[in-house]
Structure formats: C-alpha cells, structure tokens
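Examining the three-dimensional arrangement
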Amino acid sequence: MKRSSWISMATLLLAAYVAVPLALGGNQYVMSMVVAALIIGGVAMSWALLGNLGGMVSFGHAAFFGVGAYVSALATVKLGVPVFAAMLLGGAGAAIAAVIMLPVLRLRGPYFALAILAYAHIFRILATEWSSVTGGAGGINNIPTLPTVFGFDLASKTGAYLVVLTLVVCCAFAYGRIRASHYGIALRAMHDSEDATRVVGVNSTLLKGAMLLVSAFMAGLFGAFNAHYINFLEPDYAFNSLWVTLPIVAAIFGGYRTILGPVLGAVVVYLVDQLIFKSLIPTGHQLVLGVLLVAMIVFSPNGLLPLLQKWLKNMFQAKEKAHA
C-alpha cells in the first residue's frame, strides 16, 4: 500500500475507535443501531468474500450465523467456556457446518444458492426440534454477556461497539490478505474461466471450498457475538431470513467487490432506514431501501464505496489543479 493509503486507513480507524464513541456514546439508542449495523456489515463482508473470491452466491448465510450463535451460547451456558473463547468456537462451529455443505460445490449458479438455502432451513428445524440441547422453540435465555476487561464493561453499548468493530477490522484484514495472495489471484481468475484455471493446474474446487469455510467462520463469529450481545437466542431469530437479505442488500449497495464496501453499505442502509425512513414511514419504510438499491445499481453498479472513492479523487485533483 502507498503511504497515503496507510495514512488514510489509520485516520479512518482512529475516527472509528475514538470519534464515534465520543460523539455517540451518550446516546444509547443510536449506539445500539450502530452495533446492529456493524453486525450486519460483518455478515455482509463474509457474504461478499464468498461471492467476490469464491464466485458463489449464497442465500443461506443465516445457517452460519445461527450455528455460530448457538455453538457459542451453548458453550458458555452448558460448559462454562469464557465468552471470547466461545465466540471463536462459534466461528469454528459454523465452519464445520460448512464442511457438511461441501458436496454442493459441484452445483453452480442458482442451484448452489438454493442448496445452501435448504441447509439453512435444515439447521433451523434441527435447532427447534433438538430441545434437549438447544431449548427448542423456547430458545436459550440468560446467555452470558460480554465480560468486563480492565474495569471496562464490554457489555455496554460502547463496549459492544468496540468489540464488534474489532471483529470487523480483523475480518477485513484477513479478507485483504487472502485477496492479495496467490490464492486470491487464482480465485479471481476463476471468475473469467474456471475451466481455464483448471487447465493450468489450479484446484478450483479446493479453493472454493476454502472460501466457503472462511466465509462461514466469519458469519458464525458475528452470530456468536450477537448472541452474547442480546443475551437470548431462539431458532426463528437465529436463522431468520433477514440475516441473508439485509447483508446481501448492504453488500450490493456498498460495493461487494471491495473489502469495506459491504460494511459501509450496512451502516448507511441500516442507519438511514432505522433512524430516518422508519420514523417518516412507519409502515413500508423498507420500500424506500428497495428504491435506493435499484437507483444505486442503475447509476453506480459497483456500489457506494467506489463512487465515493471516485468523487474524492476528482475533488483532490481539482484542488491540486487550482493550487498549480
């Protein structure tokens, strides 16, 4: 990365970690909305990773989100595992669930998407019927909250924001490393011609499977965080289709071929919907989001983040010409 890019990234992180809590920390409602937006953004990033690198469109990320939530919740409630360790187990549990789905990698396009969606329904039914372990339709109550570290309560809205922001940053860093690696180059080459990459010795099935596991781990991690953030869990919530539709909308709106585009899309879409449109149009407020998404696809198919980057670049160039 160029020096200017590192400076921009450091400034952005400093603003995210310091400026946002200082500006919004006193407003618990808005801060809770920001936390929810980042959870959706994290799932959107995991969905975009699978689509951008793996070349697979998934309608079943609710399965990974829900499995991660249940594994983490059960690990803390029944086994007494510390919360952060349980969250990692939740991500691992989601990755194991993805291993079960590996046979569907032979499918392509809508067939793969529908097969993954079917798995999500299977896991929801399993969580409902296996009441001796999961609590059934009644779910799990009194899930341990995020801990207090060095006297700072991470279960507070500000603490939860810092935790979920750190998860987003770590996942974005991992995504960037994968995309910049030789494997990432091979995966992107597969988009043009999977058969051609196989001819030159690339094991496309293995790479796609690896991306499915990484994507599942990320989604499960955010599902696990959410379980400890809200302190309860039940099947219809954990495996709700909203954990698929909202991340997809956010990823496309923000720019799913970029790393942080899905997160930006989630923050903009969710906050605008909850803080503005919902108060103006209590019934049917999500219709406005549909209009905005269509407008974004028509006028900027690459999403919001590339559009902002282009606008900022043109603005800086105009300033340089003015000073020249």
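Before reading further, recall that the structure is shown in the block above.
One structure accompanies this document, and this report is about it. Bear in mind the structure is a predicted one, so any value in this text is a computation, not a measurement.

The subject of this paragraph is the packing of helix α2 (residues 28-52) against helix α13 (residues 261-280). Where α2 meets α13, the axes come as close as 7 Å, and the angle between the chain directions of the two elements is 140°. By the criterion of interaxial angle, the relationship of α2 to α13 is oblique. In the crossing of α2 with α13, the sense of the turn from one axis to the other is right-handed. Residues Y29, V30, M33, V34, A36, A37, L38, I40, G41, A44, M45 and A48 of α2 form the contact with α13, whose participating residues are P262, V263, A266, V267, Y270, L271, Q274 and L275. Residue composition of the contact of α2 with α13, grouped by class: 18 nonpolar, two polar and no charged.

Moving on to the pattern of salt bridges. The full count for this structure, using the stated rule, is one salt bridge. Note that D236 is salt-bridged to R124, the shortest N-O span being 3.7 Å. Of the two residues, D236 sits in helix α11 (residues 235-238) while R124 sits in helix α5 (residues 110-129), which places them 112 residues apart along the sequence. Using a relative accessible area of 46% as the deciding quantity, one classes D236 as partly exposed.

A few words now on the nonpolar core. Within soluble globular proteins, side chains that are nonpolar generally end up buried alongside one another. Core analysis: the largest hydrophobic core is formed by 87 residues, its most contacted members being M101 and F225. Apart from the residues lying within four places of it in its own chain, the contact partners of M101 are A63, F64, I116, Y119, F123 and L212. Judged by nonpolar contacts, the second largest core, of seven residues, contains F253, L289, L293 and M296.

Moving on: unusual backbone geometry. We note that N142 has phi near 55°; this positive angle belongs to a residue other than glycine. Along the chain, the position of N142 falls in the loop between α6 (131-134) and β1 (148-149). Even without a glycine there, the phi angle at F150 is positive, about 55°. Summarising the element assignment, F150 is placed in the loop between β1 and β2 (152-153). Owing to a relative accessible area of 87%, F150 belongs among the exposed residues under this scheme.

Two quantities define a packed helix pair, namely the angle between the helix axes and the distance between the axes. Following both chains from N to C, one finds α2 and helix α7 (residues 157-180) inclined at 15°, their axes separated by 9 Å at the closest point. Overall, the two elements α2 and α7 adopt an arrangement that is roughly parallel. Considering the relative orientation of α2 and α7, their crossing is left-handed. Facing Q28, M31, S32, V34, V35, L38, I39, M45, A48, L49 and N52 of α2, the residues of α7 in contact are K157, T158, A160, Y161, V164, L165, V168, C171, A172, Y175 and R179. Tallied by class, the residues present in the contact of α2 with α7 amount to 16 nonpolar, four polar and two charged.

Now for the environment of V249. Relative to the helices and strands, V249 resides in helix α12 (residues 242-254). The class for V249 is partly exposed, based on a relative accessible area of 22%. Taking the C-alpha atoms as reference points, V249 and A48, 201 residues apart in sequence, are found 11 Å from one another.

Bringing α13 into the picture now. Look at α13: 27 Å from first C-alpha to last across 20 residues, which is about the 28 Å you get at 1.5 Å a residue. Of all bends in α13, the biggest is about 40°, found at D273.

What counts as what
Residues numbered from 1 in each chain as written. Predicted model: local features only at pLDDT ≥ 70, side-chain atom pairs only at ≥ 80, totals over all residues. Heavy atoms only, no water. Axes fitted to C-alpha atoms, helices over the stretch in contact; angles between N-to-C directions. Helix = DSSP H or I, 4+ residues; strand = E, 2+ residues; numbered from the N terminus. Parallel < 35°, antiparallel > 145°, perpendicular 65-115°, else oblique. Left-handed = near helix turned anticlockwise from the far one by under 90°. Contact = heavy atoms within 4.5 Å. Nonpolar A, V, L, I, M, F, W, Y, C, P; charged D, E, K, R; others polar. Salt bridge = Lys/Arg side-chain N within 4 Å of Asp/Glu carboxyl O. Buried < 20%, exposed > 50% of the residue type's maximum accessible area, 1.4 Å probe, protein only. Core = buried A, V, L, I, M, F, W, Y, C linked by side-chain atoms within 4.5 Å. Expected span 1.5 Å × (residues − 1). Bend = angle between axes of the 7 residues up to and from the residue.

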